[in-house]
Amino acid sequence: MYALVDGNNFYVSCERVFRPSLNGRPVVVLSNNDGCAIARSNEAKDLGIKMAAPWFKIRHLEESAGLVALSANFVLYGDMSDRMMTLAAGLGPTQEIYSIDESFIGLHGVRGDLVARGRKVRERILQWTGIPTCIGMAPTKTLAKLANHIAKTTERKPGSYPKEFAQVFNLAALPAQDLDDVLQATEVGDVWGVGPRISAQLRDGGIRTVLDLTRMDPATARRGWSVTLEKTVRELQGQPCVDLDDAPGPKQQIACTRSFGKPVHQLAPLIEAVSEFAARAAEKLRKQKSLATEMLVFMHTSPYRPGPQCSRSVVVPLRRPTDDTLALTKAATDGMRFMYLAGYQFIKAGVILVDLQSANVHQRELELDDPNDAPATRDRTRLMTAMDVINTRFGKGTIHSGGTGKLGVNRVWTMKQERRTPAYTTCLADVPVARA
Amino acid sequence: MNSIGNFSEPVPLSAASLMLPIAAGYIRAGFPSPAEDFEVNRLDLTQILIQHPQSTYFWRARGISMREKGIDDGDLLVVDRAVRPVHGHIVVATVDGEFTVKELSQRLGRMRLKAANPTFPDIVPKEGQTIEVWGVVTSSIKRFVL
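Cut-offs applied
- Note that residues are indexed from 1 along each chain, following the sequence as it is written.
- In the order they appear in the text, chains get letters beginning with A and ligands get numbers beginning with 1.
- Owing to the predicted nature of the model, reporting of local features is limited to residues with pLDDT of at least 70; listing and counting of side-chain atom pairs is limited to 80 or more, with chain, interface and lining totals taken over all residues.
- Processing note: side-chain calculations cover all non-hydrogen atoms of the structure and skip hydrogens and water entirely.
- For helices the rule is a DSSP run of H or I covering at least 4 residues; for strands it is a run of E covering at least 2, with both sets numbered from the N terminus onward.
- Using a 1.4 Å probe on the protein chains alone, a residue whose accessible area is under 20% of its type maximum counts as buried, one over 50% counts as exposed, and one in between counts as partly exposed.
- Contacts: residue pairs with any heavy atoms within 4.5 Å of one another.
- Two strands qualify as a pair provided DSSP detects at least 2 bridges between them.
- Axis lines are fitted to C-alpha atoms, over the contacting stretch for helices. Their N-to-C directions set the angle, which ranges from 0 to 180 degrees.
- By definition, a salt bridge exists where a carboxyl oxygen of Asp or Glu is found within 4 Å of a side-chain nitrogen of Lys or Arg.
- Whenever two N or O atoms come within 3.5 Å, that pair is a polar contact, provided that in protein one can donate a hydrogen and the other can accept it, and provided that, for residues adjacent in sequence, both atoms are side-chain atoms.
- Charged residues are taken to be Asp, Glu, Lys and Arg, nonpolar residues to be Ala, Val, Leu, Ile, Met, Phe, Trp, Tyr, Cys and Pro, and polar residues to be all remaining types, Gly included.
- Residues grouped as a nonpolar core are buried Ala, Val, Leu, Ile, Met, Phe, Trp, Tyr and Cys residues, joined through side-chain atoms within 4.5 Å.
- Reported orientations rely on four angle classes, namely roughly parallel under 35 degrees, roughly antiparallel over 145, roughly perpendicular from 65 to 115, and oblique for the rest.
- In this scheme, a crossing is called left-handed if the near helix is turned counterclockwise away from the far one by less than a right angle; it is called right-handed if the turn is clockwise.

1. Topic: the overall build of chain B
Each helix and strand counted, chain B has 1 helix and 6 strands in total. When the helices and strands of chain B are placed in sequence order, the string is α-β-β-β-β-β-β. Split into buried and exposed, the 146 residues of chain B put 31% on the buried side. Of all intrachain contacts in chain B linking residues separated by at least 6 positions in sequence, the fraction that spans at least 24 positions is 52%.

2. Looking at the sheet that holds strand β8 (residues 168-170) of chain A
Residues and elements named next belong to chain A. Taken in spatial order, the 5 strands make up an open sheet running β5-β6-β1-β7-β8, and their pairing is mixed. Single-partner strands in this sheet number two, and they are β5 (94-99) and β8. The mean angle between the axes of side-by-side strands here comes to 15 degrees, regardless of whether they run parallel or antiparallel. Direction of pairing for β5 relative to strand β6 (residues 102-106): antiparallel, over a ladder of 5 bridges. Bridge pairing in β6 links Glu96 to Phe104.

3. Remarks on the interface of chain B and chain A
Taken together, the 35 residues of chain B in the interface contact 28 residues of chain A. Counting across the chain B and chain A interface gives 0 salt bridges. Applying the counting criterion to the chain B and chain A interface returns 14 residue pairs in polar contact (both at pLDDT 80 or more). Those elements giving two or more residues to the side of chain B that touches chain A turn out to be β1 (56-62), β3 (90-95) and β4 (98-107) of chain B. With 7 residues, the top contributor of residues to the side of chain B that touches chain A is β1 of chain B. Here the residues of the side of chain B that touches chain A are counted per class, giving 19 nonpolar, 11 polar and 5 charged. Relative to β1 of chain B, strand β13 (residues 433-435) of chain A is paired through 3 bridges, and the arrangement is parallel. Each bridged residue has a counterpart across the sheet, and for Arg435 of chain A the counterpart in β1 of chain B is Arg62 of chain B.

4. Describing the pairing of strand β1 (residues 2-7) of chain A
Residue and element names in this part refer to chain A. Judged by how many residues are buried, β1 sits mostly within the fold: 6 of 6 residues are covered. Neither face of β1 is open: one carries Tyr2, Leu4 and Asp6, the other Ala3, Val5 and Gly7, and all of them are buried. For β1 and strand β7 (residues 133-138), the ladder comprises 6 bridges, and the chain directions are antiparallel. Within β7, the position partnered with Tyr2 by the bridge is Ala138. Two elements, β1 and β6, share 5 bridges in a ladder whose sense is antiparallel. The residue of β6 that forms the bridge with Val5 is Ser103.

5. Quick word on the nonpolar core
Counting 51 residues, the largest nonpolar core has Phe18, Met80 and Leu91 of chain A together with Trp59, Val92, Val101 and Trp134 of chain B as the members making the most contacts within it. Counting residues per element, this core draws most heavily on helix α5 (residues 74-88) of chain A, at 7 residues. Here Val92 of chain B is in contact with Ala434 of chain A together with Trp59, Val79, Phe99, Thr100, Val101, Glu132, Val133, Trp134, Gly135 and Val137 of chain B, once residues within four sequence places are set aside. Grouped together as the second largest cluster of nonpolar side chains are 33 residues, Phe104, Cys134, Leu146 and Leu244 of chain A included.

6. Overview of helix α12 (residues 227-236) of chain A
Residue and element names in this part refer to chain A. Among all positions in α12, only Leu229, Glu230, Thr232, Val233, Glu235 and Leu236 are buried. In the core, the buried residues of α12 are packed alongside α7 (141-156), α9 (196-204), α10 (210-214) and α11 (218-224). Once α12 finishes, Gly238 follows within two positions and takes phi at roughly 100 degrees, a positive value.

7. Examining the packing of α5 of chain A against helix α6 (residues 114-129) of chain A
Residue and element names in this part refer to chain A. Taken N-terminus to C-terminus, the directions of α5 and α6 make an angle of 150 degrees; their axes are 9 Å apart at the nearest point. Considered as vectors, α5 and α6 are oriented roughly antiparallel to each other. As for the relative orientation of α5 and α6, their crossing is right-handed in sense. Judged by residue contacts, Met80, Arg83, Met84, Leu87 and Ala88 of α5 engage Val121, Arg124, Ile125, Trp128 and Thr129 from α6. Of the residues belonging to the contact of α5 with α6, the class tally is 7 nonpolar, 1 polar and 2 charged.

The following block contains the structure:
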């Protein structure tokens, strides 16, 4: 048995904990650079605001409907997520943190009334953190995700399902006929892993509801689509195919990309930006003890802005697999210099480290370098460790390579976050104020 | 406490770092330390002040209405949302969407927020006004000017 614990409208809920005046009002949280809505309160959903709706298209609702828009405050969301996840872990013996607001809990060996236990955990998360959650339970992860979807929908749209399914719903406790009714009432596109394209194909083939998909022959799913859909069908039939990933392995690629606060057309700030992204990526790389062998550097203009369009990328092979900030910022700089074209307003750039390998494995090689050319090959592991320790202790970017430029004032490319709330729980200067 | 085998009660995990005493890290050739068998942890302020790490938040007090309870302007408050508020607790509460720190009074089924300074009136909810307790203040930390 698995449970999926999921925070309702998570980013908005985090904001409301410290700003209760937002309760009952339509609220959206905007992506980096205040681009589009990445979280919506129920009131905002009721206004018809879709996920990822661009801010400029919904901005008029500020005046007409009292919409409140906030810049994403990921520092706050990260801390609230950590609190929520730790409490959710009390539900069962194993946990897989699936995203910032969702975690799967393995319920193996948990005795007694699961729904009652789920309600206690839900109540505790709500009381201790202020975050409302929904919990779905079922014999497989795909079904648990579906049960969670039903628990959420029942709460948000009364009448869509029997009201006792709201908030905490155990699909396995349902009699067979009732289960069929629920699956019949749920669209195939609501199943985990069935995207818009596949659901359109399924609908064309006469498979409209989850019940239809559940009754599909797994072999047909495999022949007609993929082994992934076959697994989905088996999971819907109650046969676990996706294990709990409670100790995820190292990432296969590490990306650091960002949209700029305003378009950038000169080379110098672009170099500054990709150097910083490379430094960030290098930190992540060292954290998971991997080395990169290639770096992809890219940039592009905004398809939503007038003017000439340009999208460029280049793969920079690294001389040796490395996790060295200086080697990686140099690669990013070289890549940018190579692909830069004047005359375009670039809005986004990034670096992606690919072909990662373990830092414990070293390929020996012949000494082909000029031994007098020592600085290039010098082992800078200790320097990198020192950098990471200093930046952890005194804050990000305390020491950084010269290429990333001066922090703060002259940066033209940093993110636009005009509506961000304070870091209430992680920064002493930002703690909330109570009138005494 | 949760006894082993009582599976119906969910157990909260502690997020506080678990520090283990290092008992005799290595063998010395000379005299063994006489303190070796008495190894314990140094007192940790976090452990003293915070019972539930996941439900504890810091707040800043602004104003002098709670002076007689020892809360001065600028004090750092430790607020625990896991504690069930009862009559007499110092609480952070919301009144019309604004946060205030006051003493909770619940007598004869009526809720009031009492100031601890005679020059401040108590807050009694008016018709249609709701007071909600956000969390219970468990300590007030005062830094002196050095």
